[in-house]
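One-letter residues, chain by chain:
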Amino acid sequence: MPISDTKVKALLESTNGDDAGHHEGLRVAKTYDVGRTHSSEYILRSGFAGGVAGCAAKSIIAPLDRVKILFQTSSPEFAKYAGARMGVWRAAHEIYSQRGLLGLFQGHSATLLRIFPYAAIKFVVYEQIRSVLISRPEQETNVRRVVSGSLAGVTSVFFTYPLELIRVRLAYETRTDQRASFVRTCKQILAEGRAASSATSGSVEGSWVRNLRGLHNFYRGFSPTVLGMLPYAGVSFWTHDTIHDIFRSKLLAPYAVSDGTASSDRHVPLTVWAQLTAGGLAGMVSQTASYPLEVVRRRMQVGGTMKEKKFASIWSTARVIWLEHGFRGFFVGLTIGYIKVIPMVSCSFFVYERMKILLGI
């Protein structure tokens, strides 16, 4: 029986519709579950996981962190150890002999106050921005990964920087005649800003200026921090995700992925050694990329406690470092930086990924 043109047309439309539905199904299957990532439950749980990961990571390297800060800021009492053989351990031993174990953790309470919201915000913002910029596997590009990490780092720093400044000041304090105090350090930072505007102290307007400058002092060194965070956080997340891709390849998946199968599914965790390795490499690469700006930032942060008191800008601070120590001055303490950052970032990513599994996200 001959088939009418109308039936042929209907049949073709039906076939095309089935193909469209099939392709649409493939398209959906290749799209990440963005809606789940944007849910309030996911945001809260990922924030908690990030905060716990940050605290765990910072706690294991707190003694090394204090020694590194003393080296970076050219503390007069510890300058003799910077660059010396076994200088890190000798400096740590001197701190321990003077103040005991608590001396190695001086400023750590401020660190934990800062790091929980810092890490929570960083991981939450990264997950949210990543889900917007990378909603499909084909969007997994280097640029998008770096931008996601950089924006996450800058956002977290903006909201937690005052606590970071206080932490550095507490770690920089080496006087033995009085114990470092969180409250006293805050008052000192405020006083430095008010003293700078003493010329207008006789008016109501002058009082406002003094108070504003005092608050502004809590963001001393913020500019180099932001500039340093752009490569640090961006390169850190990019390296971590790139190493994940390598470990999830057919060649390494049987050894590096928990279920032994090659897949781009980020919900399937890596094995312990693979996750720690990915985090460690991320820390090493990101530390190298951002370290000069970190040195500049530390010098600006402690500027109010040093005789020069002239660390007003990034360039003037960088110039002082160059005149004092040359090119090597921008990398002083990098060795201890590696010793600190590699286990810290490794622990941070590992705890975060495991916390996500524990919390069901």
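Residues numbered from 1 in each chain as written. Predicted model: local features only at pLDDT ≥ 70, side-chain atom pairs only at ≥ 80, totals over all residues. Heavy atoms only, no water.

Looking at the confidence of the model for the chain
Looking at the chain as a whole, its pLDDT mean stands at 80, while 78% of the residues score no less than 70. This model gives residues 7-29 a pLDDT under 50, and the stretch forms one contact once residues within four places in sequence are excluded. (pLDDT = per-residue confidence, 0-100. Contact = heavy atoms within 4.5 Å.)

Details of helix H11 (residues 222-247)
Helix length check: H11, at 26 residues, gives a terminal C-alpha distance of 36 Å against a target of 38 Å (1.5 Å per residue), a fit within 8%. Maximal helix bending in H11 amounts to about 30 degrees, located at Met229; proline Pro231 follows within four positions. (Helix = DSSP H or I, 4+ residues; strand = E, 2+ residues; numbered from the N terminus. Expected span 1.5 Å × (residues − 1). Bend = angle between axes of the 7 residues up to and from the residue.)

Regarding the packing of helix H7 (residues 108-133) against H11
For the pair H7 and H11, interaxial distance at closest approach is 13 Å and the crossing angle is 65 degrees. Remark: the crossing between H7 and H11 carries right-handed chirality. Along the contact surface, H7 presents Tyr118, Lys122, Phe123, Tyr126 and Arg130, while H11 presents Met229, Phe237 and Asp241. Split by residue class, the contact of H7 with H11 holds five nonpolar, no polar and three charged. (Axes fitted to C-alpha atoms, helices over the stretch in contact; angles between N-to-C directions. Left-handed = near helix turned anticlockwise from the far one by under 90°. Nonpolar A, V, L, I, M, F, W, Y, C, P; charged D, E, K, R; others polar.)

Brief notes about helix H5 (residues 87-99)
The terminal C-alpha atoms of H5 lie 18 Å apart, and with 13 residues this matches the ideal 18 Å at 1.5 Å per residue to within 8%. Those residues of H5 that sit buried are Gly87, Val88, Ala91, Ala92, Glu94 and Ile95. Taken end-on, H5 shows its buried residues confined to a sector of 155 degrees, consistent with a single buried face. Projecting away from the buried face of H5 at angles above 90 degrees are the exposed residues His93 and Ser97. (Buried < 20%, exposed > 50% of the residue type's maximum accessible area, 1.4 Å probe, protein only. Arc of directions from axis to C-beta.)

Regarding the pattern of salt bridges
Taken as a whole and assessed by the stated rule, the structure comprises 12 salt bridges. Measuring nitrogen to oxygen at the nearest pair gives 3.6 Å for the salt bridge that ties Asp65 to Lys58. Lys58 sits in the buried class, given a relative accessible area of 7%. Through salt bridges with shared partners, a single network forms among Arg130, Glu140, Arg145, Asp241 and Asp245. (Salt bridge = Lys/Arg side-chain N within 4 Å of Asp/Glu carboxyl O.)

Points about the packing of aromatic side chains
Under the definition given, this model contains 15 aromatic pairs. Judged by centre distance (6.4 Å) and plane angle (65 degrees), the ring pair of Phe48 and Phe116 falls under edge-to-face. Linking Phe48 in helix H3 (residues 40-60) with Phe116 in helix H7, this pair joins segments that are 68 residues apart in sequence. Ring centres 3.9 Å apart and planes at 15 degrees place the aromatic pair Tyr126 and Phe237 in the stacked group. Of this pair, Tyr126 sits in helix H7 while Phe237 sits in helix H11, and the two are 111 residues apart along the sequence. Accessibility assignment for this pair places Tyr126 and Phe237 in one class, buried. Of the aromatic side chains, those joined through ring pairs into one cluster are Phe123, Tyr126, Phe237, Phe349 and Tyr352. Directly above the aromatic system of Tyr118 lies the positively charged group of Arg114, at a separation of 5.0 Å from the ring centroid. The ring centre of Phe123 lies 5.2 Å from the NZ or CZ of Lys122, which sits over that ring. (Phe/Tyr/Trp six-rings, centres within 6.5 Å; stacked < 30°, edge-to-face > 60°. Lys NZ or Arg CZ within 6 Å of the ring centre and 35° of its normal.)

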